[in-house]
Amino acid sequence: NAGVMQNPRHLVRRRGQEARLRCSPMKGHSHVYWYRQLPEEGLKFMVYLQKENIIDESGMPKERFSAEFPKEGPSILRIQQVVRGDSAAYFCASSRDGTSYEQYFGPGTRLTVT
Amino acid sequence: GENVEQHPSTLSVQEGDSAVIKCTYSDSASNYFPWYKQELGKRPQLIIDIRSNVGEKKDQRIAVTLNKTAKHFSLHITETQPEDSAVYFCAATADSNYQLIWGAGTKLIIKP
């Protein structure tokens, strides 16, 4: 049973470009959470999704950031017109279908904006 | 909504000694309390969790205790080893929708 997969592991973008981060949950999991982590800091919740549905996006910046979790395929976190302040590690986690709190994390995508 | 506070932010202990990290939560309805360990450059990993129907849970050198009345829970690591050096995060459930509310993290340093 493969764990949570994220790709790419490292992503370099120039200011103004778009960044697309992908997350495939564990098999049998249908809940996905995205977190941002700056160096030496904690996990900042961004968005919580189920398939085809955004449950809570209270942690997501209102502009430039969007997330989706389609019926087929991975969850995508999209950052448009990236700025240097977007440089961080982005982790996704998944949990089972509405009966479990345990979250399992992917390896993260380290985004660097130059 | 739920709020989780974690102390201390940094903890330095001698190898072989015990380490205790404490978290408090605000929502008495919270019923699940996990602890995650994050080594430098790695993903957070679930190391132990406890539900509100028990007061203590052990797994080898780590244990978690829960005081529902006082609304706090603690992580205990005995006989600390260099590989225990990491950042530890506590969390508690939100009042709905299976979210976790996270503490700010504790950087544990094991001195040789």
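Attention in this report is confined to the structure presented alongside it. Computed from a predicted structure; not experimentally measured.

This part covers the overall build of chain B. Scanning chain B from N- to C-terminus turns up 0 helices and 11 strands. The order of α-helices and β-strands along chain B, N terminus first, is β-β-β-β-β-β-β-β-β-β-β. Across its three principal directions, the C-alpha atoms of chain B cover 45 × 30 × 20 Å. Evaluated residue by residue, chain B yields a buried proportion of 44% over its 112 residues.

Another aspect to go through is the overall build of chain A. The helix and strand inventory of chain A stands at 0 helices and 11 strands. Written out in order from the N terminus, the α and β elements of chain A read β-β-β-β-β-β-β-β-β-β-β. In terms of overall dimensions, chain A is globule-like: its C-alpha atoms have a radius of gyration of 13 Å, near the 13 Å expected for 114 residues. On the principal axes, the C-alpha backbone points of chain A span a range of 40 × 25 × 25 Å. Within chain A, counting contacts between residues at least 6 apart in sequence, those at least 24 apart form 53% of the total. Here chain A has roughly 5,800 Å² of accessible surface; of this, 45% comes from carbon and sulfur atoms. Counting 17 positive and 12 negative side-chain charges, chain A places the averaged centre of each group 7 Å from the other.

All names here are of chain A. Read across the open sheet, the 4 strands follow the order E1-E3-E8-E7; overall the sheet is antiparallel. The two strands at the open ends of the sheet, each matched to only one other strand, are strand E1 (5-7) and strand E7 (65-68). The average undirected angle you get between the axes of adjacent strands in this sheet is 15°. Across 4 bridges, the pairing between E7 and strand E8 (residues 75-79) is antiparallel. Paired with Ala67 across the two strands is Leu77, which belongs to E8.

Attention now moves to the packing of aromatic side chains. Here the distance between the centres and the angle between the planes together describe a pair of aromatic rings. Enumeration over the complete set of coordinates arrives at 13 aromatic pairs over all chains. An angle of 70° between the planes, with centres 6.2 Å apart, marks the rings of Tyr35 of chain A and Phe45 of chain A as edge-to-face. Of this pair, Tyr35 of chain A sits in strand E4 (residues 29-37) while Phe45 of chain A sits in strand E5 (residues 44-50), and the two are 10 residues apart along the sequence. Consider the rings of Tyr25 of chain B and Phe73 of chain B, whose centres lie 6.0 Å apart with planes at 55°: the pair is tilted. Of this pair, Tyr25 of chain B sits in strand E3 (residues 19-25) while Phe73 of chain B sits in strand E8 (residues 72-77); the two residues are 48 residues apart in sequence, bridging distant segments of the chain. Among the aromatic residues, ring-to-ring pairing joins Tyr35, Phe45, Phe91 and Phe105 of chain A together with Tyr36, Phe89 and Trp102 of chain B into one connected group.

What counts, and where the lines are drawn
Residues numbered from 1 in each chain as written. Chains lettered and ligands numbered in written order. Predicted model: local features only at pLDDT ≥ 70, side-chain atom pairs only at ≥ 80, totals over all residues. Heavy atoms only, no water. Helix = DSSP H or I, 4+ residues; strand = E, 2+ residues; numbered from the N terminus. Buried < 20%, exposed > 50% of the residue type's maximum accessible area, 1.4 Å probe, protein only. Rg over C-alpha atoms; globule rule 2.2 N^0.38 Å. Contact = heavy atoms within 4.5 Å. Areas by Shrake-Rupley, 256 points an atom, 1.4 Å probe, with all protein chains shown as cover. Lys, Arg positive; Asp, Glu negative; His and termini not counted. Charge placed at Lys NZ, Arg CZ, Asp CG, Glu CD. Pairing = 2+ DSSP bridges. Axes fitted to C-alpha atoms, helices over the stretch in contact; angles between N-to-C directions. Phe/Tyr/Trp six-rings, centres within 6.5 Å; stacked < 30°, edge-to-face > 60°.

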